[in-house]
Structure formats: C-alpha cells, structure tokens
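Structure assessment
The lines below spell out each chain.
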Amino acid sequence: MVSDDYFYAGMTIATSLVHGGPGPQFLSPVLFEALSSTPESTFVAVQDIPDMDIRNYLEKLLTYQEEHSNTANLFEPIQTLMQLAGTHKVIRNADDYRKIAEETAHWYIFGRTRAAFERLKEGLKTLGVLDAMTKYPNAFKHVMCYTEDTLTAKTFDNIFRPVLHPLGSNKRGTENLVLSHWKDFIQELQDEPSDLTLMSLLFFITGCKTVPPLGFRPEPTVDFLHDAEDNGEKSRFPKANTCNCTLFLPTVHVVYEEFTEAMRYAVLNCQGFGFA
C-alpha cells in the first residue's frame, strides 16, 4: 500500500486492454463481480477464502446444527478474526452459525482488504475501463478472469489472412499447395497432441500465447518465401515477423511430411525474439 502497487496494477491492466494488449485473466470471479458492481452486493462463499485453516473452520460452522451453550469455546479458533470482522451474534438457531460463517468470509475477502480494493478500482478507471466494465460485465469477464479458451485450427484460419498472388500465376499455384499443407498442419496440431502446440505456434508468429481481447493489430498474415536467400537457395524453414504478425511459409516442400518436419523443427528450436 505504501508504494500504491494496487493502483498501478489497475492502471497497467486498463492501459493494456485499451491498447490491444492481453487482459490479466487471473482475477477471481468474486473480485470481478465486486469491481463491476459493489463489494456489498457481492456474495462471498466460504470456499473463496484462500487460508485453508480459516476456510475449514467456517465450513464446519455452515453445517453446525446444535444450539451450543458455550459459544466462547466454539468460536475460540477464530475469536480474533470475528472481533475484527464484528460478526459476533447471539445464537438463537442453527441458521445463525451460517450467517456468522458467511459474514466472516465476506469481511475476510473485502473488509480487511478494502483499502487495496479501492486503489485497484481507481487504477482501473484509467481510460474509462472501469466504467465500461460496470456497463458490460459479461463482455469483460473472460478477459479479467481465467477461462479455458483453447486455441483451435478454426481460430488460426479466422485470424491469419493469406497474401496471395493473382489467380493463374505460377506463384499462386505454389501458394495454394503450401496453404493446403498449412491448413492440414494446424488441424493436425489440434487433433493430435504433441510437443508442439497451437499456443507455441501462435507465440512463434506473434509473440503472444493467447489472442488479445481486441484482436491483433495489424491483422496477422501468411506470406510465402518465394525468393532465394543469400546462399542462392530458398529457405526450407518458416520465418516470422512478430512486429507485423506475419508468418512466412517455405515454398520448397511439395510433400506434406517434409513441410511438417520443417515447421516443427523451426518452432521447437526457436530461441525467442530475433531468432525466429
């Protein structure tokens, strides 16, 4: 709190989203709900508490059915926590135990962290992101919270636009063959799990392991290596320009197996930026 880290975290997330970068995808659903509405209107389940000892004890309270005569002993393990949370109650029936457990869980998540929560909200107000979140929470949830968005061959097909020569040209004929190899290759990566994944391939081409919420800018393209290299021969391996999101496919492979072998070798042995 001294260095205002939560404010800068919110500002960083907001700036990334507005400029086409990735979302955090690590906020808990309960935190996202509170950010897009209010903490007071957000239900906190006991299971949302990360501290296992406190969670386990509150879970026992949820199912406690007896009117306990000695509540001081019953609540002793979380006595200090309940005092801080202000959740002491006179036990009149079994439902009071549930209320104590839920109110204590709510305070644990939002009450004791309220200052940090408010600074995070202030940071998210940068460039109007928080206002948009409150108006369109469903559009933001998969960006802010973890979701298992699996890359598919169809995703690649929709994202990457091939740069083709005119119909009837010799180069267009070669490009059509290479494109068919490319489509079969990404379908194979989807259907047959191996050491090379679609995520690795996307990272090789764009430098991103997921598709940004606002998509890629500029539009990713697939180009072709028609020209000879400095050694006088055409490249056997693909190349990528991560700044332009462009994949350059080799045009020397007529046989599909040779094409896939070159693609796998290039992507799996790429060291990172400057080596692709």
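Provided above is the structure to which this section pertains.
Here goes a summary of the coordinates provided. (Residues numbered from 1 in each chain as written. Predicted model: local features only at pLDDT ≥ 70, side-chain atom pairs only at ≥ 80, totals over all residues. Heavy atoms only, no water.)

**Some remarks on the pattern of salt bridges**
For clarity, the cut-off: The salt bridge definition used is simple: a Lys or Arg side-chain nitrogen within 4 Å of an Asp or Glu carboxyl oxygen. A run of H or I in DSSP counts as a helix once it spans at least four residues, and a run of E counts as a strand once it spans at least two, with each numbered from the N terminus. Summary of the burial criterion: residues with accessible area below 20% of their type's maximum are buried, those above 50% are exposed, and those between are partly exposed, where the area comes from a 1.4 Å probe applied to protein chains only.
The tally for this structure, following the rule as stated, stands at eleven salt bridges. Arg98 is the partner of Glu102 in a salt bridge, and the nearest nitrogen-oxygen pair spans 2.9 Å. Of this pair, Glu102 and Arg98 both sit in helix α6 (residues 95–111), separated by four residues, roughly a single helical turn. On the basis of relative accessibility, which here comes to 29%, the residue Arg98 falls in the partly exposed class. A salt bridge links Glu188 to Arg264; its shortest N-O distance comes to 3.1 Å. Of this pair, Glu188 sits in helix α11 (residues 170–191) while Arg264 sits in helix α13 (residues 256–268), and the two are 76 residues apart along the sequence.

**A closer look at the pairing of strand β2 (residues 221–225)**
The condition is simple: Note on pairing: two strands pair once DSSP finds at least 2 bridges between them.
Counting buried residues in β2 gives four out of five residues, a clear majority hidden from the surface. Relative to β2, strand β1 (residues 161–162) runs parallel, the two sharing two bridges. Pairing of Pro162 across the sheet is with Val222, part of β2. Relative to strand β4 (residues 246–250), β2 is paired through five bridges, and the arrangement is parallel. The partner of Leu225 across the bridge, within β4, is Pro250.

**A short note on the nonpolar core**
Here is a general trend for soluble globular proteins: nonpolar side chains tend to be buried in one another's company. For clarity, the cut-off: The definition of a nonpolar core used throughout is a set of buried Ala, Val, Leu, Ile, Met, Phe, Trp, Tyr and Cys residues joined through side-chain atoms within 4.5 Å. Contact definition: two residues touch when any of their heavy atoms are within 4.5 Å.
Counting 40 residues, the largest nonpolar core has Leu58, Leu61, Phe75 and Met144 as the members making the most contacts within it. Elements with a minimum of two residues in this core: α1 (5–18), α2 (29–36), α3 (52–62), α5 (79–85), α6, α7 (114–124), α8 (129–135) and α9 (137–144). For this core, the element with the most residues is α6, which contributes eight residues. Setting aside residues no more than four positions away along its own chain, Phe75 makes contact with Tyr57, Leu61, Met82, Ile91, Tyr97 and Ile100.

**Topic: unusual backbone geometry**
Excluding glycine, residues mostly carry a negative phi; peptide bonds, for their part, are mostly trans. Omega for the bond connecting Arg217 with Pro218 falls within 30 degrees of zero, at 0°, which places this linkage in the cis form. Residue placement: Pro218 occurs in the loop between α12 (198–206) and β2. Of note in the backbone geometry, Gln25 takes a positive phi value of approximately 55° without being a glycine. In this fold, Gln25 is placed in the loop between α1 and α2. Even without being a glycine, Leu127 presents a positive backbone phi close to 60°. Within the secondary structure layout, Leu127 lies in the loop between α7 and α8.

**Observations concerning the environment of Asn138**
Inspection of the secondary structure assignment puts Asn138 in helix α9. You can call Asn138 exposed: its relative accessible area is 72%. Considered as a pair, Asn138 and Pro24 are 114 residues apart in the sequence and their alpha carbons are 16 Å apart.

**Quick word on α13**
Put simply, the rule reads: Expected helix span is given by 1.5 Å per residue-to-residue step, counting one fewer step than there are residues.
Taking 1.5 Å per residue as the helical rise, α13 with its 13 residues ought to reach 18 Å, and the 18 Å between its terminal C-alpha atoms agrees with that figure. Among the residues of α13, Tyr256, Phe259, Thr260, Ala262, Met263, Arg264, Ala266 and Val267 are the ones counted as buried.

**A look at the environment of Phe216**
Looking at the secondary structure, you find Phe216 in the loop between α12 and β2. Residue Phe216 is classed as buried on the basis of its relative accessible area, which comes to 8%. Contacts of Phe216, omitting those with residues within four sequence positions, involve Ile159, Leu202, Thr206, Cys208, Thr210, Val211 and Cys245.

**Regarding the sheet that holds β1**
Sheet architecture is open: four strands sit in the order β1-β2-β4-β3, paired in mixed fashion. A strand with exactly one partner marks an edge of an open sheet, and here the two such strands are β1 and β3 (239–241).

Interpretation note: all reported values are geometric properties and have no functional meaning in isolation.
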